[in-house]
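Here is what each chain is made of, one letter per residue.
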Amino acid sequence: MRRTCYTKQFINDTIGDGIFACEKIVKCTNVMKTDHFISFIDKSSTKSYCNSCYSESDNLKRCSVCKHVRYCSEKCQKKNWKIHKYECPNLKELTDVEFIPLLIRLTALLHSSPELRNAYGLNDMMKHTEMENQKISEYYMLLINGVKEIVKAENVDPSLCFNIYSKLIVNLFTLEDGQLRSIGCALIPSFTKLNHSCSPNCVLSFKGGTAYITAIKDIPKGAQLTISYISLPQSFLQRKAELHQQFNFKCECDMCTLQRKQGVDTMLMRQCSSCKEHCHPTVYEEKQELYCTVCKSPFTSSPILSDVALKNMERYDLNMTAVSHQDVVVVNHLVEQTEKLIVEGAWEPALRTGLKATVGLMEWAQDFPSTGLFIAKLAKLYGLQQGESRSSSKDNLMKALQLLDIALRCLSAALPRKHDLLCEVKQLYDSTLQELAVLQK
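Criteria and thresholds
- Residues numbered from 1 in each chain as written.
- Predicted model: local features only at pLDDT ≥ 70, side-chain atom pairs only at ≥ 80, totals over all residues.
- Heavy atoms only, no water.
- Helix = DSSP H or I, 4+ residues; strand = E, 2+ residues; numbered from the N terminus.
- Buried < 20%, exposed > 50% of the residue type's maximum accessible area, 1.4 Å probe, protein only.
- Areas by Shrake-Rupley, 256 points an atom, 1.4 Å probe, with all protein chains shown as cover.
- pLDDT = per-residue confidence, 0-100.
- Contact = heavy atoms within 4.5 Å.
- Axes fitted to C-alpha atoms, helices over the stretch in contact; angles between N-to-C directions.
- Parallel < 35°, antiparallel > 145°, perpendicular 65-115°, else oblique.
- Left-handed = near helix turned anticlockwise from the far one by under 90°.
- Nonpolar A, V, L, I, M, F, W, Y, C, P; charged D, E, K, R; others polar.
- Salt bridge = Lys/Arg side-chain N within 4 Å of Asp/Glu carboxyl O.
- Lys, Arg positive; Asp, Glu negative; His and termini not counted.
- Polar contact = N/O pair within 3.5 Å; in protein donor to acceptor, adjacent residues only side chain to side chain.
- Pairing = 2+ DSSP bridges.
- Phe/Tyr/Trp six-rings, centres within 6.5 Å; stacked < 30°, edge-to-face > 60°.
- Lys NZ or Arg CZ within 6 Å of the ring centre and 35° of its normal.
- Core = buried A, V, L, I, M, F, W, Y, C linked by side-chain atoms within 4.5 Å.

Asks: Which residues make up the overall build of the protein, and what values go with them?
Replies: Across its full length, the protein holds 16 helices and 16 strands. Taking all 441 residues of the protein together, the buried fraction comes to 49%. Accessible surface for the protein amounts to roughly 22,600 Å². Of this, 50% is attributable to carbon and sulfur atoms.

Here it is in structure tokens:
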């Protein structure tokens, strides 16, 4: 059967390169996929994950030459050799590879191989436009010295190194495992033309050794495909600061344009210390300041709230008022608190806190894989709780099923079929349904 080509590349004077829909794309469609990319596993994951398919295993085999890179099978080792062969001889001479930053390793790899630079389209990639920026320039000597540790010093071209680095810092993607955990970075040539939006219509995911772009919204013919370069959801000023710091551009997506036009950040909710009213604050973008929409007084707390301010906001969350889910900073704080409580084994507080966060996540990020994963964790907490009676146990399982149904809808919209996480949540749903059926007999 002929595979449909959903996209085309287009150059625009305003936004540069972009990828656009050749025809209407339906939500949940896997629009693009490729296994043509370079990836590195970070030091905390290198002993647990295959360097080719990114599967987690306790039985990985090390490369017999360099003794550093690990694989789950001979098939994966052979597949990855087309890239690893350029790095393997250099790594053989090193004893502390895991402590070398991934950006330096990748810069050294591409510096050593014109073939890889051509094969992975490095020459056509955009680079950071402020290379004299102090924060970037201060990495110069660290970069050069790091490359010299891997490649023989006399063979290092500082100008080439810095040119490669300036492209990598704005074109790398976060590499994730089957549970959406960050395990490294990836350079994916065919995806680097995807532009950013704070309200994207696509997401990136990995399954095995393949990267996927999946539509999380219906996309009309001729519309641009977009992903988010940063973690979402965030407030307007948070997004603006992170995009400028890391990628050096001012976002002109529909969401940011609308918020500039409105002059308020609808993802925040603040209580004014002067008039005591709650409101979506007025944003003064250039001053990075927020003001009360009602009495025009400045807010004393910054857009990124202090711990004290967050605790004050949480008093409203206990009563499940609108404040809890109308302020994205509070929602993200509640997500962090929930994850912390889960690690500590405090399941009941984690469940209460997580359910509050879910309201906001479903409003702003319902089609993101991370939201589905978070809700699935809450469902597991219900399943782990033993009721005081048969009736309460059945009630917990029914609540778990409701959450798993929501999680499956989130994950199905954003992940390719048979993705590890999607399959795991489906299995959990089925087993919970069977357990509930036994209790109902």
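Asks: Describe helix 3 (residues 102-112), naming the residues involved and giving the relevant values.
Replies: Of all 11 residues in helix 3, nine are buried; the element is thus mostly enclosed. Considered for burial, the residues of helix 3 that qualify are Leu102, Ile104, Arg105, Leu106, Thr107, Ala108, Leu109, Leu110 and His111.

Asks: Could you give an account of the confidence of the model for the protein, naming the residues involved and the relevant values?
Replies: Across the protein, pLDDT averages 85, with 86% of residues at or above 70. This model gives residues 302-310 a pLDDT under 50, and the stretch forms 15 contacts once residues within four places in sequence are excluded. Note that pLDDT drops below 50 for residues 312-323; the model gives that stretch 21 contacts with residues more than four away or on any other chain.

Asks: Run through the packing of helix 13 (residues 347-364) against helix 14 (residues 369-384), naming residues and quoting values.
Replies: It is at 10 Å that the axes of helix 13 and helix 14 come closest, and there the two elements cross at 150°. Considered as vectors, helix 13 and helix 14 are oriented roughly antiparallel to each other. Considering only the axes of helix 13 and helix 14, their crossing is left-handed. In this structure, helix 13 uses Trp347, Ala350, Leu351, Gly354, Leu355, Ala357, Thr358, Leu361 and Met362 to contact helix 14, whose residues at the interface are Thr371, Phe374, Ile375, Leu378, Leu381, Tyr382 and Leu384. Of the residues that constitute the contact of helix 13 with helix 14, the class distribution is 13 nonpolar, three polar and no charged.

Asks: Requested: an account of the pattern of salt bridges, with residues and values cited.
Replies: The tally for this structure, following the rule as stated, stands at 11 salt bridges. The partner of arginine 181 in a salt bridge is aspartate 177, with the nearest N and O atoms 2.8 Å apart. On the basis of relative accessibility, which here comes to 40%, the residue arginine 181 falls in the partly exposed class. The partner of aspartate 395 in a salt bridge is lysine 399, with the nearest N and O atoms 3.3 Å apart. Of the two residues, aspartate 395 and lysine 399 are both situated in helix 15 (residues 390-414); the distance of four residues between them amounts to about one turn of the helix.

Asks: If you had to explain the side chain of arginine 117 to someone new, which residues and values would you point to?
Replies: With respect to the helices and strands, the residue arginine 117 is situated in helix 4 (residues 114-119). Comment: no salt bridge for buried arginine 117; closest opposite-charge side chain is glutamate 115, at 7.3 Å. Polar contacts involving the side chain of arginine 117 include one to the main-chain carbonyl oxygen of leucine 110, which spans 2.6 Å. When near neighbours in sequence (up to four residues on either side) are disregarded, arginine 117 contacts Leu110, His111, Leu122, Asn123, Leu160 and Ile164.

Asks: Can you explain the pairing of strand 7 (residues 172-176)? Please cite residues and give values.
Replies: Every other side chain in a regular strand lies on the same face of the sheet, so the side chains alternate between the two faces. Here strand 7 pairs with strand 8 (residues 182-187) via five bridges, running antiparallel. Each residue of the ladder has a partner; that of threonine 174, found in strand 8, is cysteine 185. From the end of strand 7 to the start of strand 8, which pair antiparallel, there are five residues, and leucine 180 there has a positive phi angle of about 65°.

Asks: An account of the packing of aromatic side chains is requested, with residue identities and associated values reported.
Replies: Considering all chains together, one arrives at seven aromatic pairs under this definition. A cation over an aromatic ring shows up here: arginine 105 above the ring of phenylalanine 40, its NZ or CZ 4.2 Å from the ring centre.

Asks: Break down the environment of glutamate 363 for me, with residues and values.
Replies: Topologically, glutamate 363 is positioned in helix 13. As a C-alpha pair, glutamate 363 and proline 233 span 130 residues in sequence and 9.9 Å in three-dimensional space.

Asks: Now, about the sheet that holds strand 7: what can you tell me, with residues and values included?
Replies: If you walk across this open sheet you meet the three strands as 4-8-7, and the pairing is antiparallel. This sheet does not close on itself; its edge strands, each paired only once, are strand 4 (38-41) and strand 7. Between one strand and the next, the sheet's axes are offset by a mean angle of 30°, whatever the strand orientation. Packed onto the sheet, helix 7 (residues 158-171) meets strand 7 and strand 8 and runs at close to 55° relative to strand 7.

Asks: Lay out the sheet that holds strand 3 (residues 30-34) with the relevant residues and their values.
Replies: Sheet architecture is open: three strands sit in the order 3-11-10, paired in antiparallel fashion. Each edge of the open sheet is held by one strand with a lone partner, namely strand 3 and strand 10 (202-207). Adjacent strand axes in the sheet meet at a mean angle of 20° when their direction is disregarded. Pairing geometry for strand 3 and strand 11 (residues 210-215), over four bridges, is antiparallel. For methionine 32, the partnering residue across the bridge sits in strand 11 and is isoleucine 213.

Asks: So what about the nonpolar core? Which residues, and what values?
Replies: With 80 residues, the main nonpolar core has Leu143, Val147, Ile150, Leu421 and Val425 as its most contacted residues. With eight residues, the single largest contributor to this core is helix 14. The contact partners of valine 425, leaving out residues within four places of it in the chain, are Ala376, Leu404, Ala407, Leu408 and Leu411.

Asks: I'd love a proper account of the pairing of strand 4, names of residues and values included.
Replies: Alternating residues of strand 4 divide into Ile38 and Phe40 and Ser39 and Ile41, and every residue in both groups is buried. Bridge count for strand 4 against strand 8 is four bridges, and the pairing is antiparallel. Among the inter-strand pairings, phenylalanine 40 is bridged to a residue of strand 8, identified as cysteine 185.

Asks: Before we move on, can you summarise the packing of helix 12 (residues 328-344) against helix 13 with the specific residues and values?
Replies: Their axes nearest at 8 Å, the elements helix 12 and helix 13 cross at an angle of 145°. When the axes of helix 12 and helix 13 are compared, the crossing they make is left-handed. Residues Val328, Val331, Leu334, Val335, Gln337, Thr338, Leu341 and Ile342 of helix 12 pack against Trp347, Pro349, Ala350, Thr353, Gly354, Lys356, Ala357, Gly360, Leu361 and Trp364 of helix 13. Of the residues in the contact of helix 12 with helix 13, the class split is 12 nonpolar, five polar and one charged.

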